[in-house]
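Structural overview
One letter stands for each residue in the lines below.
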Amino acid sequence: MKPVVPFSDLAAMTREIREAVDEGWDRLLQGSRFIGGEAVEEFEQAWAEYCGTRHAIGVANGTDALQLTLMALGIGPGDEVVVPSNTFVASAEAVVLAGATPRFADVSPRTMLLTPHDLMAAITPRTRAVIVVHLYGQMPDMDALSRTADKAGIWLLEDAAQAHGASWRGRPAGSIGQAGCFSFYPGKNLGAFGDAGAVVTADPDLANRLRSLRDHGRVAGSHYRHERVGMNSRLDALQAVVLMAKLARLDAWNEARRSIAARYQAAFASGPIRLVEDEAGARGVYHLAVARIPDRERVRQQLTAMGIETGIHYPIPCHRQAPYVRFASGPLPVSEAAAEQVLSLPMFPHLRDDQVARVCEAVFEAVTAKEVQIA
Ligand SMILES: Cc1ncc(COP(=O)(O)O)c(C=O)c1O
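Residues numbered from 1 in each chain as written. Predicted model: local features only at pLDDT ≥ 70, side-chain atom pairs only at ≥ 80, totals over all residues. Heavy atoms only, no water.

1. Things to note about the overall build of the protein
Check the secondary structure of the protein and you find 11 helices and 13 strands. Against the compact-globule benchmark of 21 Å for 375 residues, the protein has a radius of gyration of 21 Å, which places it among compact chains. Its C-alpha atoms put the protein at 75 × 55 × 35 Å along the principal axes. For the protein, restricting intrachain contacts to residue pairs at least 6 apart in sequence, the fraction spanning at least 24 positions comes to 71%. Total accessible area on the protein stands at roughly 16100 Å², and carbon and sulfur atoms take up 51% of it. (Helix = DSSP H or I, 4+ residues; strand = E, 2+ residues; numbered from the N terminus. Rg over C-alpha atoms; globule rule 2.2 N^0.38 Å. Contact = heavy atoms within 4.5 Å. Areas by Shrake-Rupley, 256 points an atom, 1.4 Å probe, with all protein chains shown as cover.)

2. A word on the site of the ligand
Gly62, Thr63, Asp159, Ser183 and Lys188 are the nearest of the 13 residues found near the ligand. In this structure, an oxygen atom belonging to the ligand sits 2.8 Å away from a main-chain N or O atom of Gly62. One of the side-chain N or O atoms of Ser183 is found 2.7 Å from an oxygen atom in the ligand. If the ligand stood free it would expose 380 Å²; the protein chains cover 92% of that surface. Because more than half of its atoms lie within 2 Å of the grid, the ligand is assigned to the largest pocket. Those elements that provide at least two residues to the shell around the ligand are α3 (62-72) and α4 (90-97). A class-by-class count of the residues in the shell around the ligand yields 4 nonpolar, 7 polar and 2 charged. (Near = heavy atom within 4 Å. Polar contact = N/O pair within 3.5 Å; in protein donor to acceptor, adjacent residues only side chain to side chain. 1 Å grid on protein atoms, 1.4 Å probe; cavity = no way out; pocket = protein on both sides within 12 Å on 5 of 7 lines; lining within 4 Å. Sits in = over half its atoms within 2 Å of the grid points. Nonpolar A, V, L, I, M, F, W, Y, C, P; charged D, E, K, R; others polar.)

3. Here's the deal with the packing of α3 against helix α7 (residues 204-213)
Helices that pack against each other are described as a pair by the angle of their axes relative to one another and the distance between those axes. Running from N to C, α3 and α7 cross one another at 120 degrees; their axes reach a closest spacing of 9 Å. Between α3 and α7, the angle is such that the two are oblique. With respect to the hand of their crossing, α3 and α7 are arranged in right-handed fashion. Together, Leu68, Thr69, Met71 and Ala72 of α3 and Leu206, Arg209, Leu210 and Leu213 of α7 make up the contact between the two elements. Taken together, the residues of the contact of α3 with α7 break down into 6 nonpolar, 1 polar and 1 charged. (Axes fitted to C-alpha atoms, helices over the stretch in contact; angles between N-to-C directions. Parallel < 35°, antiparallel > 145°, perpendicular 65-115°, else oblique. Left-handed = near helix turned anticlockwise from the far one by under 90°.)

4. Thoughts on the side chain of Arg218
Here Arg218 shows up in the loop between α7 and α8 (237-267). Judged by relative accessible area, Arg218 falls into the buried class, the value being 15%. A distance of 2.9 Å separates a polar atom in the side chain of Arg218 from a polar atom in the side chain of Asp215. Not counting chain neighbours up to four residues away, the residues in contact with Arg218 comprise Ser212, His223, Arg225, His226, Glu227 and Arg234. (Buried < 20%, exposed > 50% of the residue type's maximum accessible area, 1.4 Å probe, protein only.)

5. What about the sheet that holds strand β12 (residues 289-292)?
Where strands meet in a sheet, backbone hydrogen bonds hold them as pairs that are either parallel or antiparallel. Taken in spatial order, the 3 strands line up as β10-β12-β13 in an open sheet, and their pairing is antiparallel. Edge positions in the sheet fall to β10 (274-275) and β13 (342-345), since each of these pairs with one other strand and no more. As judged from the 4 bridges shared by β12 and β13, these two strands associate in the antiparallel manner. By the bridge assignment, Ala291 is partnered in β13 with Leu343. On top of the sheet, helix α10 (residues 333-341) reaches β12 and β13; it is set at about 50 degrees to β13, its chief contact. (Pairing = 2+ DSSP bridges.)

6. Observations regarding the domain arrangement of the protein
In terms of domain boundaries, the protein breaks down into domain 1 (10-106 + 113-244) and domain 2 (250-374). Here the C-alpha centre of domain 2 lies 26 Å away from the C-alpha centre of domain 1. The partner domain 2 presents 34 residues to the 39 residues of domain 1 that form the contact. Approximately 3200 Å² of surface area, both sides summed, lies buried where domain 1 meets domain 2, with 59% of it carried by carbon and sulfur atoms. Here domain 1 and domain 2 share 0 salt bridges between them. Remark: the boundary between domain 1 and domain 2 carries 18 residue pairs in polar contact (both at pLDDT 80 or more). Those elements that place two or more of their residues in the side of domain 1 that touches domain 2 are α1 (10-31), α2 (38-51), α4, β3 (101-105) and β6 (167-168). Among the elements that take part in the side of domain 1 that touches domain 2, β3 stands out by supplying 5 residues, more than any other. By residue class, the composition of the side of domain 1 that touches domain 2 is 20 nonpolar, 12 polar and 7 charged. (Domains from an automatic or database assignment. Buried area = accessible area lost by both parts, 1.4 Å probe. Salt bridge = Lys/Arg side-chain N within 4 Å of Asp/Glu carboxyl O.)

7. Section: the layout of surface pockets
Considered as a void within the structure, the largest pocket measures approximately 570 Å³ in volume. Lining the largest pocket are 28 residues, and of these Gln162, Tyr185, Lys188, His287 and Tyr314 lie nearest its centre. Of all elements in the fold, only α3 and α4 reach the threshold of two or more residues within the lining of the largest pocket. The leading source of residues in the lining of the largest pocket is α3, at 3 residues. Formed jointly, the lining of the largest pocket draws a minimum of three residues from each of two domains, domain 1 (10-106 + 113-244) and domain 2 (250-374). Gly36, Arg211, Arg214, Asp215 and Arg234 are the residues nearest the centre of the second largest pocket, which is lined by 21 residues in total. Breaking the lining of the second largest pocket down by element, the ones donating at least two residues are α2 and α7. Of the residues belonging to the lining of the second largest pocket, the class tally is 5 nonpolar, 7 polar and 9 charged. (Points joined across faces, edges and corners; volume = space filled by probe spheres on them.)

Shown next as structure tokens:
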């Protein structure tokens with residue numbers, strides 16, 4: 001059965017950019033430059049500019065963006081990297097793939113994001129970096145986190161995979177830390193027609209190392225000389241064309257997401273549920289609209305029965321995932337409670353007002369039914 005309100009609608013975005021993609025792909029097919037080349041360079045330049053950084057390095061996906069950044073900073077065996085446990089597993093996976101050890105931190109019960117206090121609690125003498133995750137498209141207090149990282153003498157890296165276009169006091173996501181890592185997975189605010197990713201940075205040496213590492217450790221300008229062990233993690237030109245076409249729509253799509261979030265917030269202002277709070281000073285892009293609901297599973301089932309699709313981001317905190325339990329150094333109560341309560345409501349730029357209203361009504365109905373049951 002087709003849902004009354006789907007969780008997402010990528011096809012509507014595709015329709016808006018179809019013509020630009022057809023034209024760009026047509027040019028590419030005639031030229032046959034499928035890896036690297038003009039289309040990739042054009043997108044890299046545009047993405048760096050959009051993020052307010054000097055360099056953007058296109059890579060194969062967001063996980064590689066994080067792993068390559070750690071490798072380029074020389075972070076590996078014996079080093080620790082702080083990662084919030086409330087994130088998609090790739091934030092921690094990249095640390096392990098780089099040979100380093102993730103140190104899991106808890107998050108704020110208000111924003112579900114990392115706080116300076118939680119960061120401090122996770123730092124040890126072996127810590128080399130923190131990966132701040134702009135989860136759900138929201139940003140934490142980047143001034144306070146930067147100060148804490150500076151004081152501890154560690155790199156601050158941004159996992160901005162869910163935060164294309166978000167900003168902290170006017171500074172774009174990805175431009176505040178030593179590097180910002182993006183995923184262009186199809187469902188992201190800026191999504192390709194397959195896997196893709198990028199790293200942005202102001203540091204020219206780091207950018208050069210990343211360019212070499214993503215391309216088998218090649219010496220710049222040489223096809224046959226390799227100066228380090230790298231990876232094959234290049235952005236392909238077909239995806240660069242899609243990303244370039246979608247970039248022209250990104251601000252408008254983010255604005256649409258913001259107004260949908262505002263409608264949810266207004267509808268739920270006096271209960272029965274609340275969206276996860278935004279940090280004052282952050283301008284989020286609502287990759288997800290996340291609410292906390294104590295009786296989540298029952299409410300979710302009821303919403304599904306009413307034709308409302310929802311998601312869970314994420315049902316198991318990273319430090320409780322089987323391959324990562326060995327890195328856990330104790331309970332993280334906020335992340336653990338959140339995993340049982342978070343529910344993502346439909347959120348995509350083309351969600352109509354009447355659909356938002358239907359979701360709000362259905363949430364009221366489902367949550368109130370719970371209260372009746374309890375009574
Ligand atoms: C927060 C976060 N970090 C990292 C990633 C990894 O990106 P990718 O799937 O492109 O490897 C994702 C997305 O999947 C993500 O949401």
